[in-house]
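Architecture and fold: a report
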Amino acid sequence: MLTFINYRYVVKCKVSYSIETCNVTCFASLSLSSVSWLLFSGFRERNTYFHYWLLSSCKSISSIHHIMDLNQKRTRMVDRVDSVDPDLVSPESTPMCPFPDEVLEPVLSLINSHKDRSSVSLVCKDWYNAERWSRRHVFIGNCYSVSPEIVVGRFPKIRSVTLKGKPRFSDFNLVPEDWGADVYPWLSVLAKAYPFLEELRLKRMAVSDESLEFLAMNFPEFKALSLLSCDGFSTDGLKAIATHCRNLAELDIQENGIDDLGGDWLSCFPETLTTLQVLNFASLNSEVNFNDLEKLVTRCKSLRVLKVNRTINLDQLQKLLLRAPQLTELGTGTFTQDLVTRPVADLEATFGSCKNLLTISGLWDTNSLYLPVIYPACASLTFLNLSCAALRSFELAMLLIHCKSLRRLWVLDTVGDMGLEAVGSWCPLLEELRVFPADPFEQENVAGVTESGFVAVSRGCPKLHYVLYFCHQMTNAAVATVVQNCPGFTHFRLCIMNLGQPDYVTNEPMDEAFGAVVRTCPNLQRLAVSGLLTDLTFEYIGKYAKNLEILSVAFAGSSDLGLKYVLGGCPRLRKLEIRDCPFGNAALLSGLTKYESMRSLWMSACNLTMNGCRVLAKEMPRLNVEVMKDEDSEDSQAHKVYIYRTVAGPRRDAPPFVLTL
Amino acid sequence: MSSETSTVTSEPPPTTADTELTLRLPGESQKSEAKSTKRRFSDLTDLKLGGNDESDTECSVVTRSTPAKERVVGWPPVRSHRKNMMKKDCKYVKVAVDGAPYLRKVDLELYSGYQQLLCGFEHLFSCFTIRNVLNERKLMDPVNGMEYVPTYEDKEGDWMLVGDVPWMMFVESCKRIRLMKNSEAVNGSELLEKC
């Protein structure tokens, strides 16, 4: 009953199903732009009745690919394995209906999600090979989980690489300098294997000027460079990129530890460069040559993202906007001026002429006089990033009246609860809200936002699914109300800034708040907890957070049980980062079998000892168990522990203070 | 480089019923107190919000029994970049060079020390190179062989030699900077020696 796939049918089907019955486990369900089919394994013999059922109930299915003898246990790990050992893929796939290569390859080239591609590669050896030849973009979530040699050995035709390095807590100074994640060893291997590499996106990697020079000189087709939270380079490295990358389309420099030696890197773009589409230098401090910038913007007609830095003033911004009305994303410079050289109405008209703007950011130092010039552009805005503009509540309210299409909003807590009420009133389509603290270290006379602002937003924005909220006080009841109003949360990151702060009304721990979150929000993928928390919070998380992938915990929990609950539940957990919690060896070892299905675990200032870590390392040879030694702590204590799965073995570039057990 | 210092405030007595719940790591009572006191102090003096230069960035353990609230490394979890962006007063000061027709402005908050400041001058006035003469940092213009000594006017209106006081104190008190031609500076210091 298996139909042979006809290439013309492939592009017409639209439906995707995933089915589990008592003896069939759906191996992977792939939905492409217009094709879907089912793959399943575990059959010892063809189940004809089941095929009939499928064909009759799933009218659009045009093909069923059937694999025999694939190890059933592995099917559960399909989604989690980032790198594949080819020896583990069953050689005995005998498709009843073979896909000819000329069908398979174009179909696979439509699949972009790396998770889907991972699934595809596990079907059988043919599919593994077809997938590896058709993959153009590789995503490596942990640069130490695999070696560059393995990557280039498996994927011969990559054009775009995304690499992430240091653990996330390095953003908060918890990882010593010189820890690693140097991009240079990757670049030297990539240069030989992928001379036509076009894109490189790095996050939390150590990038030196030499690396940037190497990149600029060795990849003639290089088009897109994105550096987020990287460090170790200076504007000299950017000079090399600007000078030598003839086809540069994207230069996105965000939030890096960069040594800003001056703005002359921008003048290094040659007059012949016209391909720039994305230019983001908002986080650099030095002044650039404005004439050169204006000329660059003028000649790059495809420029759609321009984010300038604070040194660009309003007059200059006006000139740039007149040159580039096609922009979809704009990051302004300083949005105020002492001397009004041009009437505000002019600026307003200029913003009005930018019909394609979807995102505005920057807006440093803006105030009630200048902020209104952006109103004409607000109706179509989907993302407004006000996290550099210390607005007051009424300023935000006046602005939001014009922003009816807003989906994402980032603000400072200077807007207060009243500002958040305005959010609830004027932004019914809001999906994401981030409230950052203007004064994170101020402990007295703090204003900021409270639980009532949070509730006000939830009332007016039922589509809210992503929140990052910094506050000084919260109540269990408020959080419960918020998630009741917005049960679709996928990302819930609440940071009560005072350590160990209970519910300030009832004085109870904040356990029930997070219990409400995990119970009410079935789609929760990411959770960050704070406030006074006992093991009960973790019991709730382990029990209810079935889709949780990322969990951040700080200064919480009462005993090993807390961590045990989480490791015993949360089947989809990928990243777990913990600091300053009373979790010890017993808790660590309770998760023995779980760590290979996770990307990484970070535990610092907990109760781990070297012995406990050694036991883990011994039992799980495919994990790297790294302990960062510190002079102050005792030899037996494992003060900072970073554990991750890897196929590359122990790090060869570990600095002296990192011990791999 | 932020000039914030940590604030030590009194915390009201704990009112929660969970008196046995502390943030001290269990099983590390006295030792951790002693260690954490030591660490806390070094954290207070060494805490550099923007930079990663201290490798002993251990978080200090905050106990609910102590009345003082102290800053803990990496808390609240705000990225250094964001902290730097939110600096409300950039410390912009004018820099005058003897013989140059116009002044420049630099943001002292961008630099973490005197060496970086001199490098900044090197880049700003591309004619200069830094020369180390008898441990005094001087700027030299190789074209005309003139040496320039960095001096600054402090809050009290006095002209001082750059480099004597700790960097943060300098940032705090500097109103403007003048790169003096060496002959004048030498005369100035001779005058001081006579006092």
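Residues numbered from 1 in each chain as written. Chains lettered and ligands numbered in written order. Predicted model: local features only at pLDDT ≥ 70, side-chain atom pairs only at ≥ 80, totals over all residues. Heavy atoms only, no water.

1. Looking at the overall build of chain B
Rules: Only DSSP runs of H or I with at least four residues qualify as helices, and only runs of E with at least two residues qualify as strands; both kinds are numbered from the N terminus onward. Burial status follows relative accessibility: with a 1.4 Å probe on protein chains alone, a residue under 20% of its type maximum counts as buried, one over 50% as exposed, and anything between as partly exposed. By definition, residues are in contact when any of their heavy atoms lie within 4.5 Å. Here the open area of atoms and residues is found with the Shrake-Rupley method and a 1.4 Å probe, where only the protein chains shown may cover a residue.
Per the secondary structure count, chain B includes five helices and nine strands. Helices (α) and strands (β) of chain B occur, in sequence order from the N terminus, as β-α-β-α-β-β-α-β-β-β-β-α-β-α. Here chain B holds 195 residues, and 41% of them are scored as buried. Residue pairs in contact within chain B that sit at least 24 positions apart in sequence constitute 50% of those at least 6 positions apart. Surface accessibility of chain B: about 10,900 Å² in total, with carbon and sulfur atoms responsible for 54%.

2. Considering the packing of helix α8 (residues 184–193) of chain A against helix α9 (residues 209–218) of chain A
All names here are of chain A. How we decide: Lines are fitted to the C-alpha atoms to define the axes, a helix being fitted only along its stretch in contact, and any angle between axes, read from their N-to-C directions, falls within 0 to 180 degrees. Note on terminology: angles under 35 degrees are roughly parallel, angles over 145 are roughly antiparallel, angles of 65 to 115 are roughly perpendicular, and the others are oblique. For any pair of crossing helices, the crossing counts as left-handed if the nearer helix is rotated counterclockwise from the farther one by less than a right angle, and right-handed if it is rotated clockwise. Gly counts as polar in this scheme, as do all residues outside two lists: the nonpolar Ala, Val, Leu, Ile, Met, Phe, Trp, Tyr, Cys and Pro, and the charged Asp, Glu, Lys and Arg.
The N-to-C vectors of α8 and α9 enclose an angle of 15 degrees; their axes lie 10 Å apart at closest approach. Considering the angle they form, α8 stands roughly parallel to α9. Along this stretch, α8 crosses α9, giving a crossing that reads as left-handed. Taking contact as the criterion, the partners of Tyr184, Leu187, Ser188 and Ala191 in α8 are, on α9, Glu210, Ser211, Phe214, Leu215 and Asn218. Broken down by class, the residue content of the contact of α8 with α9 amounts to five nonpolar, three polar and one charged.

3. Some words on the environment of Asn247(A)
Residue and element names in this part refer to chain A. You can see Asn247 is positioned in the loop between α10 (235–244) and β9 (250–254). When the C-alpha atoms of Asn247 and Asn624 are compared, they prove to be 39 Å apart, with 377 residues separating the residues in sequence. Setting aside its immediate chain neighbours within four residues, Asn247 contacts Pro220, Glu221, Phe222, Lys223, Leu273 and Thr275.

4. Focus: unusual backbone geometry
Put simply, Trp75(B) and Pro76(B) share a cis peptide bond, and its omega is -5 degrees. One can find Pro76(B) in the loop between β2 (68–69) and α2 (80–85). At Asn507(A), a residue that is not glycine, the phi angle is positive and equals roughly 65 degrees. For Asn507(A), the location among the structural elements is in the loop between β19 (491–496) and α18 (511–520). A relative accessible area of 28% places Asn507(A) in the partly exposed class. Phi angles above zero are rare outside glycine, and Asp580(A) is one such case at about 55 degrees.

5. Notes on the confidence of the model for chain B
Residues and elements named next belong to chain B. Spelled out, the test is: On a range of 0 to 100, pLDDT expresses the predictor's confidence in each residue.
Confidence in the prediction for chain B averages 64 pLDDT; 46% of positions are at 70 or higher. Note on residues 14–18: pLDDT is under 50 here. Beyond four places in sequence and across chains, it has seven contacts. Note on residues 26–68: pLDDT is under 50 here. Beyond four places in sequence and across chains, it has 93 contacts. Reported confidence for the predicted complex is 0.78 by ipTM and 0.73 by pTM.

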